[in-house]
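Given next are the chains, with one letter for each unit.
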Amino acid sequence: MMELRIQLIPTGEIIMPPGKNGENYCHSCTKAVGSDGVRITMESALTARDRVGVQDFVLLENFTSEAAFIENLRKRFKENLIYTYIGSVLVSVNPYKDLEIYTKNHMERYRGVNFYEVSPHIYAVADNSYRSMRTERRDQCILISGESGAGKTEASKKILQYYAITCPASDQVQTVKDRLLQSNPVLEAFGNAKTLRNDNSSRFGKYMDIQFDFKGAPVGGHILNYLLEKSRVVHQNHGERNFHIFYQLIEGGEEDLLRRLGLEKNPQQYQYLVKGNCPKVSSINDRSDWKVVRKALTVIGFNDDEVEELLNIIASVLHLGNIQFGGEDSGIAYITTDTQIKYLSRLLGVDGLVLKEALTHKKIIAKGEELISPLNLEQAASARDALSKAVYGRTFTWLVNKINDSLAFKDESYKNPSVIGLLDIYGFEVFQHNSFEQFCINYCNEKLQQLFIELTLKSEQDEYEAEGITWEPVQYFNNKIICDLVEEKFKGIISILDEECLRPGDASDITFLEKLEDTVGGHAHLTTHKLADGKTRKVMGREEFRLLHYAGEVNYNVNGFLDKNNDLLFRNLKEVMCMSENTILTQCFDRVELKDNKRPETAATQFKNSLAKLMEILMSKEPSYVRCIKPNDAKQAGRFDEVLIRHQVKYLGLMENLRVRRAGFAYRRRYEIFLQRYKSLCPETWPTWEGKQVDGVSTLVKHLGYKPEEYKLGRSKIFIRFPKTLFATEDALETRKHSLATKLQSGWKGYTQKTKYRKLRSSAVMIQSWWKGILARRRAQRKRQAVDSIRRFIKGFIYRHKERCPENEYFLDYVRYSFLIKLRKNLPKTVLDKSWPTPPAALVEASELLRKMNMQNMVWRYCKKINPEWKHQLEQKMVASEIFKDKKDNYPQSVPKLFVGTRLNGEEINPKVLQSLGNEKMKYAVPVTKYDRKGYKARNRQLLLTSNSAFIVEEGKLKQRIDYASLKGISVSSLSDGVFVLHVPTEDNKQKGDVVLQSDHIIETLTKVAICADKIHSININQGSITFTVGHGKEGTIDFTSGSELLVAKAKNGHLSVTAPRLNSR
Ligand SMILES: Nc1ncnc2c1ncn2[C@@H]1O[C@H](COP(=O)(O)OP(=O)(O)O)[C@@H](O)[C@H]1O
Ligand SMILES: [Mg+2]
């Protein structure tokens, strides 16, 4: 279940209603006016506000008091709340420590959330610009200003990180994001340095466009750089360093690399690195920074060769710095050792001798003629330094261009990406000694202040006008007068400086100062030592002029102004560089430059023009401001130096900014938003107001007891003059929220339960109806399929006798299929089962094959199953069948009776008989009846079979032995009697003639004899009678007849007559 939650932020921070233009409020207050008019004290809110101050200066009761302003900053700074708004301007105080407020979670918290809903943050500014760009399709810019070390560069990095992480991205765009992020460490390595003010001070101005596609993904970028402080390459003030890259290379570079560059791992060895006497800085780790930079170069798209060439140049600058000149006495400079020249010649790919010559001579072309003259010691040193500065400065510009190539948005088809510009430019700077660079930097800040004034005032004014509100213009200091003093044509300081640089004759820094005094000496914002009053004079040098900047007074020493403005490099040095084999240098020093005899623009004029262009760029965009403040000069966390801060508050024009904000009305808010937020405070507007929004707001504020002078109703917004009015309203809302929350909660619970129940019910109904639908559809489909099948079946049946065709193939297949299925179920299980389903016409042949296969299969299975004994039995039965089947009447009766091994066992045979058999193994024995050959008397005998012979045995006597070999044949009748005759040869004296026997197991007995004697084919089955020999040529006859029962007797004709019962009808 959803719960209603009220968000209370422990610091008392947060939650401010609308907008971009500063319609803010704080949610807690000392007193609140409830809709019932009861004043409620809110102690906790009071303490919170007391402790952390207001998050928007507009809410300061005493908004004209600088002390109150600074006190508010102090309170917040103490609580680590470094951000505060003045309307939509973000004031940021450098904490000089890592605060846990830049995590991904923080980014998420600010993403897509209105400005006023969350506490002030740099992410809120970033997000607001991004959303304005996306929703209004207007290019944006974020102007970050503040003095050196106030946190501008950090702020711009935070913004870039915010976009890199929160904006959508495709794969290809991820590389752009990486490059955007990685451009920073590279530019910082080459363009930042440790100064007294800041360990990582940007020594160039930077304006960066981030380009977004229509989906809001960053797709490209472009950087404009402004005036690099080149003089730092050759000289650093005490406590300062040269550009980071030199130290990074020396500390971090691999040994191999340093050897190739001819560098030693000790910055103290290099003249250009020792001037400030602080090669090491505790807050900087050159070695690890080197790794970061080296990696970043790769990400940006440098290949190894390019990196090497770039580092060759950096190393060359260091070698140049170490070139020493001799010739003090003669006035003609010469180079004392060749070591550096050797390195330089190799690293830069130039001729050593030419370089040597160029460093000690100057070439001038006058009236088409080349004049070469030697330099003195001082001139040579300055020529060398000029070369170092030029090489470094141009390489830096090349680097920016290279980065721009890498960031360029490559999609030609997408012409106009939306843009957010980030301006991180050197802040206002005042040192003990201020030179040309500070002059330019501070001029730049004047220009930005001018832009700020114009834009903020203008937008404020526009709004009042648009809303039809009368507004008293506020007084503020317009610094246009200073800008004009610097840049005006003919009369401005830059013009005067240029004039001095260009005019023939002995122009010098001092003549420039004099010219200043002559031309603009009377200006309210300029003074010189000569023109100043006694008090000022004491703090000014003779070679200084003082400018009263909007941010304060700065004394500039004119020393070096002309040189720096001229920024000249002797022609022969340029020529040498143009001949370099280093591809970066060939791009930096173009030969065309040598042919162009026109004087190049002076540095100041170049700077002025580029600033004018920058102003144009910024004017075309919707600006947001971040004003950075530095809390102390010691770069220390937690230290709030009030004097320093008051100074910055003043020169950043923050008080004026606030005054302008507050001049008319402290807050403004669109009617619908105001009404939406506060409608619960008035019974008529709660819970909904049906009428016009403006009338709702009017009813509401009247109910709250607003006095007429406290507010104005514009066209679309309500304007509230004093913060306290809004505080009271806000606090009343706070109280109301608690009681509402309870009510809402119970109402909500009931509502959700009811909704849940309704939802469940309607879901159940819906599921039911769906399910019914599904079932019905399934049924219908089944029916359709059935109809189809039946139709096909009938058609197939009609065409079943035709050739196979589409009409009948289903039917035919079906018939085949069902026959095979039926067959499978009804296969005969035994060989005796002859049943077989009738096949369809098409399967007759297959059916027959199958039937045979099945039979074979059954036989095979049966055979596999039978044991040896049974096999033996069957073999005997087979023999019996062969001999007797269909030939002897009692054969069928014998079939089901099993043949036995023997009919007489050991005990039934006389042991004497067994003894006289000797080794001969008995195979079968059966009791038989023997009929005498003469009288046919019946006698009981035993018939014994061995492997070789058959024996007739009487009691203990072997009466007769018949060798199988001499057994001529066996005769039986075809009737059911058991009489048989063993025919023996008559010529054998031992034999007494054929033997007439009768067995009750005639079939078995004769089968055994036939098998033992191998006489299967010697058994004769006779019809009617059998003739046998009696001995001595005499014969006897046995007659067989059918009768009712078995009778064996001697007949009258002397034959033996056998009557056999009829068993089978023949
Ligand atoms: N938001 C911040 N949080 C923590 N430290 C900061 C922050 N902003 C600045 N700093 C510290 O102050 C130093 C100077 O800030 P930087 O942005 O380089 O100043 P600027 O560009 O204005 O000269 C940084 O190197 C960093 O140590
Ligand atoms: Mg900076």
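Please read all numbers here as calculations on a predicted model, not as lab measurements.

## A closer look at the overall build of the protein
Thinking step 1. Per the secondary structure count, the protein includes 36 helices and 33 strands.
Thinking step 2. For a compact globule of 1066 residues, the expected C-alpha radius of gyration is about 31 Å, and the protein comes in at 62 Å, more than 25% above that figure.
Thinking step 3. By its C-alpha atoms, the protein is 195 × 95 × 65 Å across when sized along the principal axes.
Thinking step 4. Within the span of the protein, comprising 1066 residues, buried residues form 51% of the whole.
Thinking step 5. Of the contacts formed within the protein by residues at least 6 apart in sequence, a portion of 64% connects residues at least 24 apart.

## Topic: the coordination of the magnesium ion (ligand 2)
Thinking step 1. All of the protein donors around the magnesium ion (ligand 2) are Thr-153 (OG1) and Ser-202 (OG); their distances to the metal are 2.0 to 2.2 Å. With Thr-153 in helix H5 (residues 152–166) and Ser-202 in strand E7 (residues 201–202), this pair connects stretches of sequence that are 49 residues apart.
Thinking step 2. By relative accessible area, which is 12% here, Thr-153 ends up buried.

## As for the site of ligand 1
Thinking step 1. The local shell around ligand 1 holds 15 residues, among which Asn-94, Gly-149, Lys-152, Thr-153 and Glu-154 are the closest.
Thinking step 2. Thr-153 is positioned such that a nitrogen or oxygen atom in its side chain is 2.6 Å from an oxygen atom of ligand 1.
Thinking step 3. Within the backbone of Glu-154, a nitrogen or oxygen atom sits 2.8 Å from an oxygen atom of ligand 1.
Thinking step 4. In isolation ligand 1 exposes 550 Å². Once the protein is present, 85% of that is buried.
Thinking step 5. Residues of the shell around ligand 1, tallied by class, amount to 4 nonpolar, 7 polar and 4 charged.

## Here we look at the nonpolar core
General note: in soluble globular proteins, nonpolar side chains tend to be found buried as a group.
Thinking step 1. By size, the foremost hydrophobic cluster in this structure holds 109 residues, and its most contacted members are Tyr-163, Phe-190 and Phe-246.
Thinking step 2. The element contributing the most residues to this core is helix H15 (residues 377–407), with 13 residues.
Thinking step 3. If we skip the residues at most four places from it in the chain, Tyr-163 touches Ala-126, Ser-129, Tyr-130, Ile-142, Lys-177, Ile-210, Phe-212, Pro-218 and Ile-420.

## Some words on the sheet that holds strand E18 (residues 622–629)
Thinking step 1. Taken together, 7 strands build an open sheet; the order of strands is E3-E4-E18-E5-E14-E8-E9 and the sheet is mixed. Every other strand in the sheet has two partners, leaving strand E3 (83–86) and strand E9 (218–226) as the edge strands with one partner each. Direction aside, the axes of adjacent strands within the sheet are offset by 20° on average.
Thinking step 2. Where strand E5 (residues 140–145) and E18 come together, 6 bridges link them in parallel fashion. Across the sheet, the residue bridging to Ile-142 is Ser-624, located in E18.
Thinking step 3. The strands that helix H27 (residues 654–663) touches are E3, strand E4 (89–93) and E18; relative to E3, the one it contacts most, it runs at about 50°.

## What about the packing of aromatic side chains?
Thinking step 1. Counted by the stated rule, this structure contains 33 aromatic pairs.
Thinking step 2. Aromatic side chains Phe-793 and Tyr-814 sit 5.0 Å apart centroid to centroid with 75° between the ring planes, which places their arrangement in the edge-to-face category. Within this pair, whereas Phe-793 is found in helix H30 (residues 723–798), its partner Tyr-814 is found in helix H31 (residues 806–825), the two being separated by 21 residues in sequence.
Thinking step 3. For Phe-793, a relative accessible area of 31% puts it in the partly exposed group.
Thinking step 4. We classify Tyr-814 as partly exposed; its relative accessible area is 37%.

## Considerations on the packing of helix H28 (residues 671–678) against helix H29 (residues 693–704)
Thinking step 1. At a minimum axis separation of 9 Å, H28 and H29 run at an interaxial angle of 45°. Put simply, H28 runs oblique to H29. Viewed along their axes, H28 and H29 form a crossing whose handedness is left-handed. Residues Tyr-671, Glu-672, Phe-674, Leu-675 and Tyr-678 of H28 form the contact with H29, whose own contacting residues are Gln-693, Val-694, Gly-696, Val-697, Leu-700 and Val-701.
Thinking step 2. Taken together, the residues of the contact of H28 with H29 break down into 8 nonpolar, 2 polar and 1 charged.

## Observations concerning the pattern of salt bridges
Thinking step 1. Here the structure, examined in full by the defined rule, presents 52 salt bridges.
Thinking step 2. The residue Lys-363 makes a salt bridge to Glu-370 at a minimum N-O spacing of 3.6 Å.
Thinking step 3. On the basis of relative accessibility, which here comes to 46%, the residue Glu-370 falls in the partly exposed class.
Thinking step 4. Taken together, the salt bridges that share partners define one network made up of Arg-203, Glu-229, Arg-232, Glu-240 and Glu-429.

## Quick look at the sheet that holds strand E26 (residues 969–973)
Thinking step 1. Reading across from one edge, E25-E24-E23-E22-E28-E27-E26-E29 is the order of the 8 strands in this open sheet, with mixed pairing throughout. The open sheet has two edge strands, strand E25 (957–963) and strand E29 (1019–1022), and neither has a second partner. The sheet shows a mean angle of 30° between the axes of neighbouring strands, taken without regard to direction.
Thinking step 2. Pairing of strand E23 (residues 938–946) with strand E24 (residues 949–954), which is carried by 4 bridges, proceeds in the antiparallel orientation. The residue of E24 that forms the bridge with Leu-943 is Ile-952.
Thinking step 3. Contacts from helix H36 (residues 1002–1012) reach strand E22 (922–931), E23, E26, strand E27 (979–983) and E29 within the one sheet, and its direction differs from that of E23 by about 40°.

## Some points on the UniProt feature "binding site: ATP" (unreviewed entry) in the protein
Thinking step 1. Under the feature "binding site: ATP" (unreviewed entry), the UniProt entry names Gly-146, Glu-147, Ser-148, Gly-149, Ala-150, Gly-151, Lys-152 and Thr-153.
Thinking step 2. For Ala-150, the location among the structural elements is in the loop between E5 and H5.
Thinking step 3. Residue position: Gly-151 is located in the loop between E5 and H5.

## A few points about the packing of helix H8 (residues 244–252) against helix H12 (residues 304–321)
Angle between the axes and distance between the axes: these two values describe a pair of packed helices.
Thinking step 1. Running from amino to carboxyl end, H8 crosses H12 at an angle of 100°, the nearest separation of the two axes being 11 Å. Comparing their axes, H12 and H8 come out roughly perpendicular. Across the interface between the two elements, Ile-245, Phe-246, Leu-249 and Ile-250 of H8 pack against Leu-311, Ile-314, Val-317 and Leu-318 of H12.
Thinking step 2. Taken together, the residues that form the contact of H8 with H12 break down as 8 nonpolar, no polar and no charged.

Basis of the calculations
Residues numbered from 1 in each chain as written. Chains lettered and ligands numbered in written order. Predicted model: local features only at pLDDT ≥ 70, side-chain atom pairs only at ≥ 80, totals over all residues. Heavy atoms only, no water. Helix = DSSP H or I, 4+ residues; strand = E, 2+ residues; numbered from the N terminus. Rg over C-alpha atoms; globule rule 2.2 N^0.38 Å. Buried < 20%, exposed > 50% of the residue type's maximum accessible area, 1.4 Å probe, protein only. Contact = heavy atoms within 4.5 Å. Donors = N, O, S within 2.8 Å, 3.2 Å for Na, K, Ca; no water. Near = heavy atom within 4 Å. Polar contact = N/O pair within 3.5 Å; in protein donor to acceptor, adjacent residues only side chain to side chain. Areas by Shrake-Rupley, 256 points an atom, 1.4 Å probe, with all protein chains shown as cover. Nonpolar A, V, L, I, M, F, W, Y, C, P; charged D, E, K, R; others polar. Core = buried A, V, L, I, M, F, W, Y, C linked by side-chain atoms within 4.5 Å. Pairing = 2+ DSSP bridges. Axes fitted to C-alpha atoms, helices over the stretch in contact; angles between N-to-C directions. Phe/Tyr/Trp six-rings, centres within 6.5 Å; stacked < 30°, edge-to-face > 60°. Parallel < 35°, antiparallel > 145°, perpendicular 65-115°, else oblique. Left-handed = near helix turned anticlockwise from the far one by under 90°. Salt bridge = Lys/Arg side-chain N within 4 Å of Asp/Glu carboxyl O. UniProt positions renumbered as here; feature names shortened; annotations may be inferred.

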